Amino acid sequence: MRYGIFFNPNAGDGNAETIAKKMREKLEQVGHSAEFLTAPDPEKAVNIIKESLDKLDSLIAIGGDGSLNIVGTAFVQSGKTLPLGIIPGGTINNFAKRWHLPLDPDAAMEVILAGHQRKVGIAACQDRQKAVISSFTFGSFADISNEVRQSEKRKFGLIVYPLKALKQLGKNRSYPVEITAADYHEKLKVWFSLVTTTHSIGGREYIASDSDELHVSILHNMRFSKLLQLLRFIFTGRLKDSEALTYLETNTLEMKPLTDQPIYSRIDGDKGPALPLTVEFLADFVSLYVPKNT
């Protein structure tokens, strides 16, 4: 078999190339061949992967959700996928944790070599020009996340996000947005919206549902008097029994801004395009190498 190994040498702790070389050695030891796929920027990386799809039998991605998004974007743009192996190596590994993939590189390599696969869903937006592997967000807290530097993530870890989000509590900044989904249509003042392709974040279930759809949480019409509810949402992702939260399960989500102010999204940990956008769930889109009992 012919494998492609995609990695971003600048992602995570910068150890991706060493891991890629070790993965290639393991593949060659069992009679397979492998080539490295990498590029200096995401757009070029997407093109390199797309150009390689017809000559490869399988693809391995090293990195977190941001690196996986490059692979997913190549898949959705080309309309073609390959069996995908993941060696988690980024700051955020939500997708890998959801499917119980080992975070240890050697253990992740063994899962790929074992060859057990299952179909999993991802999402896409911008008329299938951009993938959504794990999460799509917009709103005040997403704006803060867009301002977090890679150096801060490396130094402080994921705690940097709620810490920065807390600084927004007194600003009362929301965005008027028209939201359309299956059997739902409303105009809301949105503080923050979280859309996930799975029911868990960071390996922890934040929604009591295993539905194979988009999971949409919209925090809206907030007032300072609801401070404690907002804090609960920041730290747990949950806001039960509140008129300030709308939760939806849907295959498509359309978001139209009702303001001239740009409203930027955040996709898989990186800054994304501005609204208006439609996110669609692509069920069973990718064959993923997973542990046998997953």
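In the block above lies the structure referred to throughout.
Computed from a predicted model, the values in this text were never measured in an experiment.

Draft legend 1. Local environment of the overall build of the protein. Within the protein, the regular secondary structure consists of nine helices and 17 strands. Out of the 294 residues belonging to the protein, those deemed buried represent 52%. Long-range pairs, those at least 24 residues apart, make up 74% of the contacts in the protein between residues at least 6 apart in sequence. Here the protein has roughly 13,500 Å² of accessible surface; of this, 47% comes from carbon and sulfur atoms.

Draft legend 2. Focus on unusual backbone geometry. With omega at 10°, the peptide bond leading from leucine 275 into proline 276 counts as cis. Turning to its location among the elements, proline 276 is positioned in the loop between strand E16 (270-274) and strand E17 (277-289).

Draft legend 3. Seen up close, the environment of proline 88. Tracing the backbone shows proline 88 in the loop between strand E4 (84-87) and helix H4 (94-98). Through-space distance from the C-alpha of proline 88 to that of glycine 64 is 5.6 Å; in sequence the pair is 24 residues apart. Setting aside residues up to four positions removed in sequence, proline 88 forms contacts with Gly63, Asn93, Ala96, Pro102, Leu103 and Ala108.

Draft legend 4. Highlighting the environment of glycine 115. Its location among the elements puts glycine 115 in the loop between helix H5 (105-114) and strand E5 (117-125). Glycine 115 sits 176 residues away from proline 291 along the chain, and the two C-alpha atoms are 8.9 Å apart.

Draft legend 5. Looking closely at the nonpolar core. Residues Ile49, Leu59, Val71, Leu84, Ile86, Phe95 and Leu288 are the most contacted members of the largest nonpolar core, which totals 33 residues. Counting residues per element, the ones that place at least two in this core are helix H2 (42-52), strand E3 (58-62), helix H3 (65-78), E4, H4, E5 and E17. Of the residues forming this core, the biggest block, six residues, is contributed by H3. Contacts of phenylalanine 95, omitting those with residues within four sequence positions, involve Asp65, Leu68, Ile86, Val120, Gly121, Ile122, Ile133, Ser134 and Leu288. The next biggest cluster of nonpolar side chains, apart from the first, holds 25 residues, and it includes Ala123, Val132, Val195 and Ile267.

Draft legend 6. Fine view of the side chain of histidine 215. Position of histidine 215 relative to the elements: it lies in strand E12 (residues 214-220). The buried category is assigned to histidine 215, whose relative accessible area is 0%. Looking at histidine 215, its side chain comes within polar contact range of the side chain of tyrosine 247, at 2.7 Å.

Draft legend 7. Inspection of the packing of aromatic side chains at higher detail. Tallied over the full model, the rule gives one aromatic pair. Between phenylalanine 7 and phenylalanine 36, the aromatic rings sit 5.5 Å apart at their centres with planes inclined by 85°, giving edge-to-face as the arrangement. Of this pair, phenylalanine 7 sits in strand E1 (residues 2-7) while phenylalanine 36 is found in strand E2 (residues 33-37), placing the two residues 29 residues apart along the sequence. Phenylalanine 7 sits in the buried class, given a relative accessible area of 3%. The ring of tyrosine 264 has lysine 271 lying over it, and the distance from NZ or CZ to the ring centre is 4.4 Å.

Draft legend 8. H3, seen in detail. The end-to-end C-alpha distance of H3, which contains 14 residues, comes to 20 Å, matching closely the 20 Å that a straight helix rising 1.5 Å per residue would cover. Of all the 14 residues making up H3, eleven are buried; the element is thus mostly covered by neighbouring parts of the structure. All buried positions along H3 are accounted for by Asp65, Ser67, Leu68, Asn69, Ile70, Val71, Gly72, Thr73, Ala74, Phe75 and Val76. The first or second residue beyond H3 is glycine 79, which carries a positive phi of 70°.

Cut-offs and rules
- Residues numbered from 1 in each chain as written.
- Predicted model: local features only at pLDDT ≥ 70, side-chain atom pairs only at ≥ 80, totals over all residues.
- Heavy atoms only, no water.
- Helix = DSSP H or I, 4+ residues; strand = E, 2+ residues; numbered from the N terminus.
- Buried < 20%, exposed > 50% of the residue type's maximum accessible area, 1.4 Å probe, protein only.
- Contact = heavy atoms within 4.5 Å.
- Areas by Shrake-Rupley, 256 points an atom, 1.4 Å probe, with all protein chains shown as cover.
- Core = buried A, V, L, I, M, F, W, Y, C linked by side-chain atoms within 4.5 Å.
- Polar contact = N/O pair within 3.5 Å; in protein donor to acceptor, adjacent residues only side chain to side chain.
- Phe/Tyr/Trp six-rings, centres within 6.5 Å; stacked < 30°, edge-to-face > 60°.
- Lys NZ or Arg CZ within 6 Å of the ring centre and 35° of its normal.
- Expected span 1.5 Å × (residues − 1).

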